[in-house]
Amino acid sequence: MGDKKAAKVPRAAYERELLRLQTELVKLQEWVRAEGARLVVVFEGRDAAGKGGTIKRVAEHLNPRVARIAALPKPSERERTQWYFQRYVKHLPASGEIVLFDRSWYNRAGVEHVMGFCTKEEYQLFLRQCPLFERMLIEDGILLRKYWFSVSDTEQQDRFRRRLEDPLRRWKLSPMDLESITRWEAYSRAKDEMMVHTDIAEAPWFVVESDDKRRARLNMISHLLDSVPYREVPPPVLELPPRPSSTGYERSPRDLQTYVPDHAASL
């Protein structure tokens, strides 16, 4: 018999634990800044696997000047003539920064390969160079974490259907996303081949089961925190200064300024 499917995480427990983990993420951020560390987190997986929602929760309470999201559009004509990894190198963190890659250089091993957007020679070159590239990053002191979000075919299709029916999330779908349904096995083979070549000791892949989005977010964030040897950095002591006495300033008349209409009053 197969393993019994885990029950979905209750919302109250999820929100309580998420807040605790996000508090730890702030501590991690302050350690990165204080130590001058460089942290790269790669989020990969199928369409609708839950990457974007997890990235949103990771970054929700972080300083965008320290932790930024890199979600690159399709390459320009100039970028297509560059060394493949070149367009990603410029998004790597400097001292005291965190970069969250919402998809990454692994596009070549996935969508580009499956959809025929790169040649077989370019694909094979990527599989040879990627481990070398990542070892160079690690050798230079970058902390690299790679997460693969694994979603079942039925759950992916349900999520696509919900997006089609929700005007607030309809923008998340593209014709290419829907075509991925018909290429499920091709993407599976591409993922397996990618893992064989790039699941290296220096930068292993960590698989996140993501049919339950809440469970996936908690598990991924908890693992990230456990994998980095951060410590709590005492914050600077801050005190609110006393407000100075008035020197006679008077606010300009309201009718000299244009205010937005009070839409809330109509509710």
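Refer to the structure printed above.
Residues numbered from 1 in each chain as written. Predicted model: local features only at pLDDT ≥ 70, side-chain atom pairs only at ≥ 80, totals over all residues. Heavy atoms only, no water.

A. Structural detail: the overall build of the protein. On a plain count of helices and strands, the protein comes out with nine helices and five strands. Each helix and strand of the protein, placed in order from N terminus to C terminus, yields the pattern α-β-α-β-α-β-α-α-β-α-α-α-β-α. If you line up the protein on its principal axes, its C-alpha atoms span 75 × 50 × 50 Å. Across the 267 residues of the protein, 39% fall into the buried class. Counting every atom, the protein has about 17,000 Å² of accessible surface; 54% of that belongs to carbon and sulfur. Here the protein holds 45 positive side-chain charges and 40 negative ones, and the gap between their average locations is 2 Å. (Helix = DSSP H or I, 4+ residues; strand = E, 2+ residues; numbered from the N terminus. Buried < 20%, exposed > 50% of the residue type's maximum accessible area, 1.4 Å probe, protein only. Areas by Shrake-Rupley, 256 points an atom, 1.4 Å probe, with all protein chains shown as cover. Lys, Arg positive; Asp, Glu negative; His and termini not counted. Charge placed at Lys NZ, Arg CZ, Asp CG, Glu CD.)

B. Region of the structure containing the pattern of salt bridges. Enumeration according to the criterion identifies 24 salt bridges in this entry. Glu-97 is the salt-bridge partner of Arg-68, the closest N and O atoms lying 3.5 Å from each other. With Arg-68 in strand S2 (residues 67-70) and Glu-97 in strand S3 (residues 97-102), this residue pair connects regions lying 29 residues apart in the sequence. Of the charged contacts in the structure, one is a salt bridge between Arg-169 and Asp-166, with a shortest N-O distance of 3.2 Å. Through salt bridges with shared partners, a single ionic network connects Glu-24, Lys-27 and Glu-232. (Salt bridge = Lys/Arg side-chain N within 4 Å of Asp/Glu carboxyl O.)

C. Structural view of unusual backbone geometry. Positive phi outside glycine occurs at Ala-48, with the angle close to 65°. Turning to its location among the elements, Ala-48 is positioned in the loop between strand S1 (38-45) and helix H2 (51-59). Given a relative accessible area of 8%, Ala-48 falls into the buried group. In this structure, Arg-103 takes a positive phi of about 70° despite not being glycine. Looking at where Arg-103 falls in the secondary structure, it is placed in the loop between S3 and helix H4 (111-115). On the accessibility criterion, Arg-103 (25% relative accessible area) is partly exposed.

D. Fine view of the sheet that holds S2. Ordered by their spatial adjacency, five strands build an open sheet running S2-S3-S1-S4-S5, and the pairing between neighbours is parallel. Every interior strand has two partners, whereas the edge strands, S2 and strand S5 (205-209), have only one. Sheet twist, expressed as the mean angle between neighbouring strand axes with direction ignored, is 20°. Where strand S4 (residues 143-150) meets S5, five bridges bridge the pair, whose relative direction is parallel. Counted as the bridge partner of Lys-146 is Trp-205 from S5. Contacting S1, S4 and S5, helix H9 (residues 213-227) crosses the sheet at an angle of about 160° to S4. (Pairing = 2+ DSSP bridges. Axes fitted to C-alpha atoms, helices over the stretch in contact; angles between N-to-C directions. Contact = heavy atoms within 4.5 Å.)

E. Focus on the packing of helix H1 (residues 11-35) against H9. At a minimum axis separation of 10 Å, H1 and H9 run at an interaxial angle of 25°. In terms of orientation, H1 lies roughly parallel with respect to H9. The handedness of the crossing between H1 and H9 comes out as left-handed. Taking contact as the criterion, the partners of Arg-11, Tyr-14, Glu-17, Leu-18, Leu-21, Glu-24, Leu-25 and Leu-28 in H1 are, on H9, Arg-214, Arg-217, Leu-218, Ile-221, Ser-222, Leu-224 and Leu-225. Class assignment for the residues of the contact of H1 with H9 results in nine nonpolar, one polar and five charged. (Parallel < 35°, antiparallel > 145°, perpendicular 65-115°, else oblique. Left-handed = near helix turned anticlockwise from the far one by under 90°. Nonpolar A, V, L, I, M, F, W, Y, C, P; charged D, E, K, R; others polar.)

F. Summary view of the pairing of S1. Counting buried positions along S1 yields eight of eight residues, so the element is predominantly enclosed. In this structure, S1 lies alongside S4, joined through seven bridges in parallel fashion. Paired with Phe-43 across the bridge in S4 is Tyr-147.

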